[in-house]
Amino acid sequence: MADGVADILSDKRALARRRAYETPLETLNPAWASAFRDDAHWPYFERLRAEDPVHWTPDSNYGAFWSITKYHDIMAVDTNHQVFSSALGIGLPPKASVLPPDAFLEREIDAGGSEDSNSFINMDPPGHDIQRKTVSPVVAPANLQTMAPVIRERAGAILDSLPIGEPFDWVDLVSKELTTMTLATLFDFPFEERRKLTMWSDTMTTAPGHGPWNTYAERRQLLADCRAYFIDLWNQRVNAPPAGDLISMLAHGPATRGSSMDQYFSNVTLLIIGGNDTTRNTISGSIFALNRNPDQYAKLRANPELIPSMVSETIRWQTPLAHMARTALQDFEFRGKQIKKGDRVVMWYVSGNRDDEVIDNPYAYLIDRPHPRQHLSFGFGIHRCVGNRLAELQLTIIWEEILKRFPDIRLLEEPRRSYSIFIKGYEQMQVIIPSRN
Ligand code: HEM
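Since we're looking at a predicted model, the values are computed, not measured.

Trainee: Just checking my understanding: could you explain the side chain of D124 for this structure?
Mentor: Residue position: D124 is located in the loop between β3 (84–85) and α5 (127–135). Despite its burial, D124 pairs with no opposite charge, the nearest such side chain being R326 at 6.6 Å. Here S85 takes part through its side chain, which lies 2.5 Å from a polar atom of the side chain of D124. Every residue in contact with D124, bar those within four places of it in the chain, is listed here: S85, S86 and A87.

Right, dumping it as structure tokens:
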């Protein structure tokens, strides 16, 4: 790693630690995209778990919100959809006053819209349950079995195309490529144009200058292109016999065939982000974590049967979605605090996954933990990730294929992390593969 970058990061982390402990608790705010980018967010959550696990931040770039930071409290909120609703948004959108004048909040998965324009992650029952059922078969065990050989063949082809002995960006050549190929298959999206999915996904989740757009006008144009493309696909599929891909399922499913195009596009957005960024960042996270923990990497090489538990440990350790948010539908007393009707409540999965009352030695990356699937990264309750088995399948297959081919994948420098309080991932990760097996 370049020493300069390491020094700067270490200074930033020390500063974040001081801020996290010197700020009066009443105004403490853990939602800093810059802290997540610098991997410097941990002390804020460490302090909140210890001193104020249900915490009110009165003001921030994202307005006022409650932070829930302990494992069991997060589960309690996530499984109580009667009080904590998803219908008004599942993220923390920036408040209008911190956005530039040309920005406007499009109707997106974290913004919350109306029942006939929301995706199902932004809905409560009964609408949520009916729509979720429509897309579930595509990620059910029977279909995953059909997909597995296709994913394996592609993973192998991607790995065989990598340069040996030359530095390259793992995020671009492997993580993005594999997850985009899988998403293109789920949508039956024209395969040669699949990188459009990557670009649109990045457009939806990045801040200006951190992805494929710089101005909000560019962003609007890219999203309009995406919408037009998917409406075209809907029109093709609705006029063809029902098939097993997600677009056809949405176009023909009894609960979704009458959807407005706003609602259809919201569901497409949800599936693009759900299927892309999360798994991508876990694949990159596994390379990072194994390099930072060479004893674990050696253990994995010696025991490839540890791949499934390594995959779950990486999903916990990485926590690819740092939080989900809800809105209280009524006044509610929770752990001695008065949550008021209309308050935004943030479940910080990233913090719950480091709660040492539930997970032993939670900061350590241990690929042979006794209960590796005990983590919050997929959420709980009615919105628990519908694609969780597909994510695990892709990660398992890529690692089975990696171990067959390469004795080592070496991280060359500190990766560039995502500038986001929501997507916890990597923009770039330079690696080298010294040789083949
Ligand atoms: C490691 C990878 C993944 C992680 C960490 C992840 C995480 C999550 C989380 C935290 C939620 C919300 C849970 C809650 O509110 O309780 C969620 C929901 C969802 N995820 Fe994933 N996800 C991953 C992979 C995928 C994949 C591959 C797909 C593609 C099919 C997908 C599709 C969805 C959908 C459609 C929802 C909404 C479910 C609902 O509202 O009922 N996810 N995911």
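Trainee: Looking at this structure, how should I read the packing of aromatic side chains?
Mentor: We describe a pair of aromatic rings using the distance from one ring centre to the other and the angle between the two ring planes. The tally for this structure, following the rule as stated, stands at 22 aromatic pairs. Measuring from ring centre to ring centre gives 6.5 Å for Y229 and F230, while their planes differ by 55°; the resulting arrangement is tilted. Comparing Y229 with F230 shows no difference in burial state: the two are buried. Here a set of aromatic residues connected by ring pairs shows up, and it is made of F187, F189, W200, Y229 and F230. A cation over an aromatic ring shows up here: R194 above the ring of F191, its NZ or CZ 4.6 Å from the ring centre. One cation-aromatic arrangement involves R219 over W213; the distance from NZ or CZ to the ring centre is 5.1 Å.

Trainee: What is the right way to look at the pattern of salt bridges in this model?
Mentor: Charged atoms that come close allow side chains of opposite charge to pair. Within the structure shown, the criterion is met by 35 salt bridges. Taken together, the shared-partner salt bridges connect R152, D160, E400, E401, K404 and R405 into one network.

Trainee: It is not clear to me how the site of the ligand should be interpreted in this structure. Could you clarify?
Mentor: Inspection of the region around the ligand gives 29 residues, with H128, R132, R326, H383 and C385 positioned closest. Contact between the ligand and R132: an oxygen atom at 2.7 Å from a side-chain N or O atom of the residue. One of the side-chain N or O atoms of R326 is found 2.7 Å from an oxygen atom in the ligand. Judged by the fraction of its atoms near the pocket grid, the ligand is located in the largest cavity. Of all the elements in the fold, those that place two or more residues in the shell around the ligand are α5, α11 (261–292) and β5 (323–328). Among the elements that take part in the shell around the ligand, α11 stands out by supplying 7 residues, more than any other.

Trainee: Help me understand empty space enclosed by the protein in this model?
Mentor: Where empty space is left can be seen by rolling a probe of water-molecule size over the atoms. This model, assessed by the stated rule, comprises 1 cavity of 30 Å³ or more. Taken as a whole, the largest cavity holds about 720 Å³ of empty space. What lines the largest cavity is a set of 41 residues, and nearest its centre among them are G274, L321, C385, V386 and G387. At the level of elements, α5, α7 (170–187), α11, β5 and α15 (388–405) are the ones that each hand at least two residues to the lining of the largest cavity. A total of 8 residues in the lining of the largest cavity trace back to one element, the largest contributor, which is α11.

Trainee: What am I meant to see in the confidence of the model for the chain here?
Mentor: A low pLDDT score tells you not to read the predicted coordinates there in detail. The predicted model of the chain has a mean per-residue pLDDT of 92, with 95% of residues at 70 or higher. The model gives residues 106–112 a pLDDT under 50, and that stretch makes 31 contacts with residues more than four places away or in other chains.

Trainee: Would you mind going over the sheet that holds strand β8 (residues 344–348) with me for this structure?
Mentor: Adjacent strands of a sheet pair through backbone hydrogen bonds, lying either parallel or antiparallel. A sheet is described by the order of its strands in space; here 5 strands give the open sequence β1-β2-β8-β5-β3, paired in mixed fashion. The open sheet is flanked by β1 (54–57) and β3, the only strands paired with a single partner. Relative to β8, β5 runs antiparallel, the two sharing 5 bridges. The residue of β8 that forms the bridge with A325 is V346. Contacts from helix α4 (residues 71–78) reach β1, β2 (65–68), β3, β5 and β8, with the element oriented near 130° to β8.

Trainee: Looking at this structure, how should I read the sheet that holds strand β12 (residues 430–432)?
Mentor: Taken in spatial order, the 3 strands of this open sheet run β4-β12-β9, and their pairing is antiparallel. Looking at which strands have only one partner, the edges of the open sheet turn out to be β4 (168–169) and β9 (410–411). Strand direction decides the pairing type here: β9 and β12, joined by 2 bridges, are antiparallel. Its bridge partner being in β12, L411 is matched across the sheet by V431.

Trainee: Teacher, can you tell me more about the nonpolar core here?
Mentor: Side chains that are nonpolar tend, in soluble globular proteins, to be buried together. In terms of nonpolar packing, the biggest core is built from 98 residues, with W170, F187, F230 and W399 touching the most fellow members. Counting residues per element, this core draws most heavily on α11, at 12 residues. Once residues lying within four places of it in the same chain are set aside, the contact partners of W399 are S286, I287, L290, Y297, L300, I307 and M310. Counting 14 residues, the second-largest nonpolar core is a separate cluster that includes A33, F36, F45 and V346.

Trainee: What am I meant to see in helix α9 (residues 216–238) here?
Mentor: Helix length check: α9 (23 residues) gives 32 Å between terminal C-alpha atoms against 33 Å at 1.5 Å per residue, within 8%. Turning to α9, the residues buried within the fold contact α7, α8 (195–205), α10 (246–252) and α11.

Trainee: How should the side chain of S85 be read in this particular structure?
Mentor: Locating S85 in the fold gives a position in strand β3. Residue class for S85 comes out buried when judged on its relative accessible area of 1%. Beyond its immediate sequence surroundings of up to four residues, S85 is in contact with D124, R326, T327 and L329.

What counts and what doesn't
Residues numbered from 1 in each chain as written. Predicted model: local features only at pLDDT ≥ 70, side-chain atom pairs only at ≥ 80, totals over all residues. Heavy atoms only, no water. Helix = DSSP H or I, 4+ residues; strand = E, 2+ residues; numbered from the N terminus. Buried < 20%, exposed > 50% of the residue type's maximum accessible area, 1.4 Å probe, protein only. Lys, Arg positive; Asp, Glu negative; His and termini not counted. Salt bridge = Lys/Arg side-chain N within 4 Å of Asp/Glu carboxyl O. Polar contact = N/O pair within 3.5 Å; in protein donor to acceptor, adjacent residues only side chain to side chain. Contact = heavy atoms within 4.5 Å. Phe/Tyr/Trp six-rings, centres within 6.5 Å; stacked < 30°, edge-to-face > 60°. Lys NZ or Arg CZ within 6 Å of the ring centre and 35° of its normal. Near = heavy atom within 4 Å. 1 Å grid on protein atoms, 1.4 Å probe; cavity = no way out; pocket = protein on both sides within 12 Å on 5 of 7 lines; lining within 4 Å. Sits in = over half its atoms within 2 Å of the grid points. Points joined across faces, edges and corners; volume = space filled by probe spheres on them. pLDDT = per-residue confidence, 0-100. Pairing = 2+ DSSP bridges. Axes fitted to C-alpha atoms, helices over the stretch in contact; angles between N-to-C directions. Core = buried A, V, L, I, M, F, W, Y, C linked by side-chain atoms within 4.5 Å. Expected span 1.5 Å × (residues − 1).

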